[in-house]
Amino acid sequence: MSEQNIPYEQSELYRLRHSAAHVMAEAVKELFPEAKLAIGPPIEDGFYYDFDLGKDENGKARTFTPEDLEKIELRFKELLKQNAKFEQYTLTVEQALVHFADQPYKLELIRDLAAGKVDEMGNPTTEPAQEVGIYQHRQFIDLCRGPHVGYTSQVRANAVKILRASGAYWRGDEKNPQLQRIYGTAWPNKVELDDYLKRLEEARNRDHRRLGKQLGLFHISQLVGSGLPLWLPNGAILREELERFLRQAQLDRGYLPVITPHIGKLDLYITSGHYPYYKDSQYTPIDVDGEQFMLKPMNCPHHIEIYKSESRSYRDLPLRLAEFGTVYRYEQSGELTGLTRVRGFTVDDSHLFVTPEQLEAEFIGVVSLIQHVFNTMGFHDFRARLGTNDPESDKYAGTPEMWAQGIKAIRQAADKVGMNYTLEVGEAAFYGPKLDFIFRDVLKREWQLGTVQVDFLLPQRFDLEYTGEDGQKHRPVMIHRAPFGSMERFVGILIEHFNGAFPLWLAPVQVMMVPITDRHNEYARQVAQELRAAGLRVQVDESDDRMNKKIRNAQLQKIPYMLVVGDKEAEAHGVAVRTRTGEDRGTVAVAAFKAQALILTTGKSMEL
RNA sequence: GCCAACGUAGCUCAAUCGGCAGAGCAAUGCUUUUGUAAAGCAUAGGUUAUGGGUUCAAGUCCCAUCGUUGGCUCCA
């Protein structure tokens, strides 16, 4: 029977993994009797369990060594095979507090349940609990609402694997103690486990960092600095194509280009509120003749100053200022990853200054532009998230009215275009709610790419105004938006999406000429020149490699077309077309190849 | 920033218990003139991330720093 339509939380696989987590914890408890248990839920593709192993003799937190993990895995598998039944029962809160007296994390969970605050995953509970759910197998007793499989042996010992250990803060808060987390995976059988491990291996092969090196797209130099990628020629060509595409789409939609500098006075960011708010993740200000300058962490204040450079009338609005603006943020060192999380990056930024009446239509216009961008890239696998403020938190500026108004505008616009989204409290920008477009990399990590944000706050902070039809001063609303998000991150995801085999219009080298012997080099150069004149990116492989090797090299570079030329082709003014998909199309006239290639590039086709 | 693992030639990796730093690919030179995924031979390439320490002897053991990777936290 197919489980495809059952939510994961109710699936057999979920029970299996939840049960695996318990048995693994049992193994840990055997090998480390002093270990304190935290939580151990199933997650996508597996499960984890968090432990506090106490301190070593130097007062440092005890951690799992790779040898510990081996022992745990061995014992884990033995315990699965030594069949035991999972028994479920409930204890009153009082009984549970006694039973878990030496398990401080469990006590905290029980007390929170009893107080009706939050459950073990931090989700609010509806009412105070009188009793708590317990699952027991053998002597291992855990606070748990299940569900589990019936017997431990239903989790196949040859279909589980311990993957890694890492630190993880108790309840995800860095102010709390750091626990030792063990990640594992569990599948119904060995075949599915092996499939999963193979998928992981394949994912590593399409990792943008690996492909970026292989295809000469970008390089990160220690001497330049962490998180400051250098775009190599192939990467720069790709990025410029993307920028050209979006620039044109924006011009078509009435955006106006602007260009602003990379630094700005500290006061600018104090006014905007960015500096106080993000102080810790900004590069230290530069002192110039006693004045403080920031590397810009955001483009909005600069664009706002452009808005303010002249008096504005309602006739000027909506004013859509766009720039590929490079910003610098001092991200925590542990966060940096290839192109997807960097310290210097370029936002395809735009700020729309609109009247309140125009807000919805402009928001819809932005969403449709983003849809156009994603459709062109063939991106369909993403989710949209409406990030709102958390009223409990003090990190959001502005009035409740502003927030309500912004959220309402986004909801109405999204509903009108039929966009599905999830609402997530506490995911807003400090100045306003936003609709984010979230993608996953090959390792299933989520990244925000496109974003649209509604902002009533900065217009107020900078005292923006326009003269209305009524001759009175009014305050505009701002929309911040970026379809790609960051060029770096977008290209990182793009590389993985296409596994480095970019559509023709984006391919850094579109055509590789493959002369069969060096007496064909001259003809290959002629054809290359002819194709370049038509705007195609063509290289000639004049190395003294044999033809087979030239083809192999072009294949490895994932170049869309290899044009083999020998005596036959030179005579007929033709080329023998081979695609990177391995297809041999035989000899065609140069003019015919050129015409066909141009149709595909101008149409931004996914086909070859 | 926190926890852990890792850092050897441009790239991918080897070097047993602490005992002469190696291979393939790439590069360079020569030979070969080739019809759809790797021709042959040769040459060159290293302060083993950096700085200290232990030792007769350190790529290998210890300490610190930097960086990378996987998590955690953060992400305007």
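Residues numbered from 1 in each chain as written. Chains lettered and ligands numbered in written order. Predicted model: local features only at pLDDT ≥ 70, side-chain atom pairs only at ≥ 80, totals over all residues. Heavy atoms only, no water.

1. Looking at the pairing of strand S18 (residues 422-425)
Sheet topology note: the strand S17 (residues 383-388)/S18 ladder contains four bridges and is parallel. Counterpart to Thr388 in the pairing with S18 is Val425. Following the backbone out of S17, through helix H12 (residues 400-417) and into the adjacent parallel S18, one traces a crossover that is right-handed. (Pairing = 2+ DSSP bridges. Helix = DSSP H or I, 4+ residues; strand = E, 2+ residues; numbered from the N terminus. Right-handed = clockwise from strand over helix to strand, strands pointing away.)

2. Focus: the nonpolar core
Counting residues in hydrophobic clusters, the biggest one holds 55 residues, and the most contacted among them are Leu242, Met377 and Leu494. By residue number, the principal contributor to this core is helix H11 (residues 359-377), which donates nine residues. Non-local contacts of Leu494, meaning those with residues more than four positions away in its chain, are made with Leu238, Leu242, Met377, Phe379, Phe502 and Leu506. (Core = buried A, V, L, I, M, F, W, Y, C linked by side-chain atoms within 4.5 Å. Buried < 20%, exposed > 50% of the residue type's maximum accessible area, 1.4 Å probe, protein only. Contact = heavy atoms within 4.5 Å.)

3. With respect to the layout of surface pockets
The volume enclosed by the largest pocket comes to roughly 2,200 Å³. Around the largest pocket, the lining comprises 47 residues; the ones closest to its centre are Arg329, Glu331, Arg341, Gln448 and Arg489. At the level of elements, helix H9 (274-278), strand S16 (344-354), strand S20 (446-455) and strand S23 (477-482) are the ones that each hand at least two residues to the lining of the largest pocket. In terms of residue class, the lining of the largest pocket is made up of 16 nonpolar, 15 polar and 16 charged. (1 Å grid on protein atoms, 1.4 Å probe; cavity = no way out; pocket = protein on both sides within 12 Å on 5 of 7 lines; lining within 4 Å. Points joined across faces, edges and corners; volume = space filled by probe spheres on them. Nonpolar A, V, L, I, M, F, W, Y, C, P; charged D, E, K, R; others polar.)

4. Thoughts on the domain arrangement of chain A
In terms of domains, chain A is made up of domain 1 (8-200), domain 2 (212-262 + 310-497) and domain 3 (511-602). Between the C-alpha centres of domain 1 and domain 3 the distance comes to 58 Å. (Domains from an automatic or database assignment.)

5. Points about the sheet that holds S17
Strand order in this open sheet of eight strands is S11-S15-S16-S23-S20-S19-S17-S18, and the pairing throughout is mixed. Sheet topology places strand S11 (256-257) and S18 at the edges, where each strand pairs with a single neighbour. Note that S11 and strand S15 (residues 319-328) share two bridges and pair parallel. Bridge assignment links Leu256 to a residue of S15, and that residue is Leu321. Sheet contacts for H11: S15, S16, strand S19 (434-440), S20 and S23; angle to S20, the most-contacted strand, approximately 160°. (Axes fitted to C-alpha atoms, helices over the stretch in contact; angles between N-to-C directions.)

6. A word on the protein's contact with RNA strand B
The environment of RNA strand B is formed by 59 residues, the closest being Ser166, Gln178, Met298, Glu335 and Glu569. Among the atoms of RNA strand B close to the protein, meaning within 4 Å, 51% are from sugar or phosphate groups. Contacts to RNA strand B include Gly167, whose backbone N or O atom sits 3.2 Å from a sugar or linking oxygen. In this structure, Tyr183 approaches RNA strand B through a side-chain N or O atom, which is 3.0 Å from a sugar or linking oxygen. For the surface near RNA strand B, the leading source of residues is helix H16 (residues 547-556), giving seven residues. Among the residues forming the surface near RNA strand B, the class breakdown is 17 nonpolar, 20 polar and 22 charged. (Near = heavy atom within 4 Å. Polar contact = N/O pair within 3.5 Å; in protein donor to acceptor, adjacent residues only side chain to side chain.)

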